[in-house]
Amino acid sequence: MCNLKYIFLFLFCLFLSNCSGGSDKASQSDEKNGTDITNCEPPTYDTENTDLLHTDYTQGDLNGDNYKDSVTLELRGPSGRISVYFGTKEGKYNLFKKYDCEEYWNELGLRITGDTLRCSGYGIAYNFKYKGDDFYLQGYENIDMCCPKYKLDFNTKKLIFVLEGVLDGMEYDTTYYRSIDIPQDKIPTSYTITDCFKKDFSKYILYDENFLNSKIKEYVEEINEENREGKSTVIDNDTLLLFHEEIKRGEYDSYTLNVSIDRKGLTNKLRQFLEAEMCRMLAEDDKHIYDNIADAYKARKTEWRKEFDFENDPYYQDDYFISRIGSHNNLITFRIGTFHYDQLAGRGTEKERYITYDKNTLEDFTWDMVKKEDGLHKLMVEGLMKYYHVNSIEDMWLNDDYKQGKYIPFPKNPPFVINDTLILQFHRWEITEAWGAGWPSAKIPLNKVLPYLTDEGKRFLNIKE
């Protein structure tokens, strides 16, 4: 153990080195020797009002009689006193035992947690439980920041390692616990409060630091490996195909890979078509196209793990998605794309396209089905002004040359249909220079689009003149 810990432990033992407690319950004359914790003056105890000496944060049921008990720490100059009180059905308190100490520990904390009396401070703690006629040691904790952290549970006979903070260079917001059996020769029997604070029982609670560190190193390697593996989720049903991998470090560090296909309302033919599309999206290059999503995802996950830096990159996200966003008669429109965010590089990239398919023929709606005439262009510009909630081109969030009269082109992305509306969607940077300008779009009712549809477009939309 480190020297600082020995000093703290010595102070703790010194604090209660002269403690004593009577086995009989105190009479009224015993209570008159007490000290009022509110003003540190020797009071004349009124047994009808002893409940005034107890604070709620130290209350619990120590002896199992369903009445609240209490413990107080009374300080007076260089001396101190620990007093344990058992509650009564009248809401009063009877003194069970008192432990007078000529030297008190100025960092001592006393607390009742359920049926346990906890004495703690300076990174160590003793936990006692009431059995029959006294309080017996049930556990010990060494959670000092300067030393290996561990707890001893003498009920389960386990030595529990407390692993938190930085483990082998990896930060976690979770505290991990690993345990081994306590050797039989290091388990105390029948140790009361008085025994613990009067006798030398360090052989039961102190462990060789090299031994502790060697075990901690083993557990750190296991935990790091577990965290590197991450948490995987797979959903494969009629409405959703999802592959999700997540690795978390600390409160904010997160690494995610997400692949999803919305299967609601798909024919079997369209379902197979979209899964083949996802395989192409996940392929590292066009030369290697996978036959099924599972293989494509597995290969992408291998690349994903190589791309981010566990030690230095706080946030890394990869999304691949095909999501259904609307339908009209036998048509289904999908949002298809990828999103990548790499905080280490300080950038985010995204690729999206919106496509309307005929779910029976798999034919998609294209610019060949629409005439790019001035009338349609005017409808598009009006739609963009509605998107930005303005009344003029000059007030739209566009590049300056468009505001100054340059012709705004039709979007590169093909038009698509949601319900009875044709939508012309621009990419984020297509006609804007700011991230906040978003993905400008113009929504045009189909009945206004009719003059600008080719015969092929009318056929696709099942429009008969």
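Residues numbered from 1 in each chain as written. Predicted model: local features only at pLDDT ≥ 70, side-chain atom pairs only at ≥ 80, totals over all residues. Heavy atoms only, no water.

J.: Go over the sheet that holds strand β17 (residues 416–418) with me, naming the residues and quoting the values.
T.: On the basis of which strands lie adjacent, the open sheet formed by three strands has the order β17-β18-β19 and antiparallel pairing. Each edge of the open sheet carries a strand with a single partner, namely β17 and β19 (441–445). With direction set aside, neighbouring strand axes in the sheet form an average angle of 30 degrees. Taken together, the five bridges between strand β18 (residues 421–425) and β19 define a ladder with antiparallel strand orientation. Across the sheet, residue Leu424 finds its bridge partner in β19, namely Ala442. Packing of helix α8 (residues 374–388) onto the sheet brings it into contact with β18 and β19, and relative to β19 it is tilted by some 120 degrees. (Pairing = 2+ DSSP bridges. Helix = DSSP H or I, 4+ residues; strand = E, 2+ residues; numbered from the N terminus. Axes fitted to C-alpha atoms, helices over the stretch in contact; angles between N-to-C directions. Contact = heavy atoms within 4.5 Å.)

J.: I'd love a proper account of the environment of Lys351, names of residues and values included.
T.: Its location among the elements puts Lys351 in strand β16 (residues 347–358). Accessibility expressed as a relative area gives 64% for Lys351, which makes it exposed. Taking C-alpha positions, Lys351 is 6.5 Å from Phe339, a pair spaced twelve residues apart along the chain. Once residues lying within four places of it in the same chain are set aside, the contact partners of Lys351 are Ile336, Gly337 and Thr338. (Buried < 20%, exposed > 50% of the residue type's maximum accessible area, 1.4 Å probe, protein only.)

J.: How would you explain the nonpolar core if you had to name every residue and give the values?
T.: Membership of the largest hydrophobic core comes to 39 residues, with the highest contact counts inside it found for Val84, Leu117, Phe128, Phe135, Tyr140 and Leu152. A total of five residues in this core trace back to one element, the largest contributor, which is helix α5 (residues 209–229). In this view, Leu117 contacts Leu62, Val71, Val84, Arg111, Ile112, Tyr126, Asn127, Phe128, Phe135 and Ile193; residues no more than four positions away in its chain are not counted. Val381, Leu384, Tyr388 and Leu422 belong to the second largest nonpolar core, which has 32 residues in total. (Core = buried A, V, L, I, M, F, W, Y, C linked by side-chain atoms within 4.5 Å.)

J.: Could you give me a rundown of the packing of aromatic side chains, with the residues and numbers involved?
T.: Throughout the structure, instances matching the rule amount to 21 aromatic pairs. A ring pair is formed by Phe96 and Tyr130, whose centres lie 5.5 Å apart and whose planes are at 90 degrees; its orientation type is edge-to-face. Of this pair, Phe96 sits in strand β3 (residues 93–101) while Tyr130 sits in strand β6 (residues 124–131); the two residues are 34 residues apart in sequence, bridging distant segments of the chain. Judged by relative accessible area, which is 22%, Tyr130 ranks as partly exposed. Seen in terms of ring centroids, Tyr126 and Phe128 are 6.5 Å apart; in terms of plane orientation they differ by 10 degrees. Their pairing is stacked. The pair Tyr126 / Phe128 is uniform in exposure class, with both members buried. Among the aromatic residues, those joined into a cluster by ring pairs are Tyr126, Phe128, Tyr140, Tyr150, Tyr207 and Phe211. Here Lys186 stacks its cationic end above the ring of Tyr207, 4.4 Å away from the centre of that ring. One Lys or Arg, Lys372, reaches over the ring of Trp367 and ends 4.5 Å from the middle of that ring. (Phe/Tyr/Trp six-rings, centres within 6.5 Å; stacked < 30°, edge-to-face > 60°. Lys NZ or Arg CZ within 6 Å of the ring centre and 35° of its normal.)

J.: Can you break down helix α7 (residues 293–307) residue by residue, with the values?
T.: The end-to-end C-alpha separation of α7 is 21 Å, in line with the 21 Å expected for 15 residues at 1.5 Å each. Taken residue by residue, α7 has Ile293, Ala296, Tyr297, Arg300 and Trp304 as its buried positions. Seen from one end, α7 has its buried residues packed into an arc of 95 degrees, which puts them on one side. Summarising the geometry of α7, the exposed residues directed more than 90 degrees from the buried face are Lys298 and Lys306. Where α7 begins, the capping side chain belongs to Asn292, and its oxygen is found 3.2 Å from the backbone nitrogen of Ala294. (Expected span 1.5 Å × (residues − 1). Arc of directions from axis to C-beta. Polar contact = N/O pair within 3.5 Å; in protein donor to acceptor, adjacent residues only side chain to side chain.)

These figures capture arrangement, not role.
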